[in-house]
Amino acid sequence: MGKLTLTVPYALLTPAATESYEGTYDLPVFKAGPDLYEFKEPLAWTAVLTNTGDAILVTGTVEGEASTACARCLSSVALPVTGDIEGYYLLGGEDEAPEDLDEDEFEVLPADKVIDLESLVRAALLVEMPLVPLCRDDCAGLCPRCGHDLNDGPCDCKPEPPEDPDANNPFAALKNLTFDE
């Protein structure tokens, strides 16, 4: 798997110039938090580079279908993913942020004029991945005792008797305390 980069052409160094690019990116496994997402097919991406006068603005999309395990029942889940690619690269080698931008909102275009599109694609995917991947919103999960998938119906486990609410309460001993006046 090669690195996904774009070299800014000389023609794009004039204000208001625009160039469009597209391609595919092979990313077999992507980690987002504790979850691993698999992409069986390469991701399709498009990017438009625009010279804003003082910077190169990168916009575009990345699309693909990821599969992962449901967080509740562990069955396989297929998720269509469409992320927005965004990047802002200052021209001229200045390390100082423009007045309207924070320092984490831009990078300086390197001297070799190569933009690392892979990091922008990964950031776009990371934003789109669910915090808790579920096969469906009402997933019942697994039985904590036998591991049966409760989406397929109830298991044969007998319900546990209700726990005494006072068992773990350190103030439960005060319940029987009487006060004489």
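For every chain, the first residue of the written sequence is number 1, and numbering continues from 1 along that sequence. In keeping with the predicted nature of the model, local features appear solely for residues at pLDDT of at least 70, side-chain atom pairs appear and are counted solely at 80 or more, and the whole-chain, interface and lining totals rest on all residues. As a rule here, side-chain values cover all heavy atoms of the structure and leave hydrogens and water aside.

Visitor: Explain the overall build of the chain residue by residue, including any values.
Guide: The helix count covers DSSP runs of H or I at least four residues long, the strand count covers runs of E at least two residues long, and both are numbered beginning at the N terminus. In terms of helices and strands, the chain carries one helix and nine strands. When the elements of the chain are put in sequence order from the N terminus, they spell out β-β-β-β-β-β-β-β-β-α. Note that the radius of gyration is over C-alpha atoms, with the globule rule given as 2.2 Å times the number of residues to the power 0.38. Computed over the C-alpha atoms, the radius of gyration of the chain is 27 Å, more than 25% above the 16 Å expected from 2.2 N^0.38 for a compact globule of 181 residues. Across its three principal directions, the C-alpha atoms of the chain cover 90 × 50 × 25 Å.

Visitor: I'd like to hear about the nonpolar core, residue by residue, with values.
Guide: Grouped together as the largest cluster of nonpolar side chains are 36 residues, with contacts concentrated most on Ile56 and Leu117. Any two residues whose heavy atoms approach within 4.5 Å are treated as being in contact. Setting aside anything within four residues of it in sequence, one finds Leu117 in contact with Leu4, Thr5, Leu6, Trp45, Ala47, Val58 and Ile85. In these notes, a set of buried Ala, Val, Leu, Ile, Met, Phe, Trp, Tyr and Cys residues joined through side-chain atoms within 4.5 Å is what counts as a nonpolar core. Only protein chains enter the accessibility calculation, which uses a 1.4 Å probe; a residue is then buried when its area is under 20% of its type maximum, exposed when over 50%, and partly exposed in between.

Visitor: How would you sum up the side chain of Asp149? Please name residues and give values.
Guide: Position of Asp149 relative to the elements: it lies in the segment after α1 (117–128). Lacking a salt bridge, the buried Asp149 has Arg136 as its closest oppositely charged neighbour, with an N-O distance of 6.9 Å. If we ignore the near neighbours within four places in the chain, the residues touching Asp149 are Cys73, Gly141 and Leu142. Charge counting treats Lys and Arg as positive and Asp and Glu as negative, with His and both chain ends excluded. In what follows, salt bridge is the name for a side-chain nitrogen of Lys or Arg lying within 4 Å of a carboxyl oxygen of Asp or Glu.

Visitor: I'd like to hear about α1, residue by residue, with values.
Guide: Multiply 1.5 Å by the residue count of a helix minus one, and that product is the helix's expected span. Over its 12 residues, α1 runs 17 Å from end to end, which matches the ideal 16 Å to within 8%, given 1.5 Å per residue. Residues of α1 that are buried include every one of Leu117, Glu118, Leu120, Val121, Ala124 and Leu125, and no others. Looking down the long axis of α1, one finds its buried residues gathered within 165° of arc, a one-sided arrangement. Backbone nitrogen of Glu118 and a side-chain oxygen of the N-cap are separated by 3.2 Å at the start of α1; the cap is Asp116. Directions are taken from the helix axis to each C-beta atom, and the arc is the one they span. Definition of a polar contact: a pair of N or O atoms within 3.5 Å, with one able to donate and the other able to accept a hydrogen when the atoms are protein atoms, and with sequence-neighbouring residues admitted only if both atoms are side-chain atoms.

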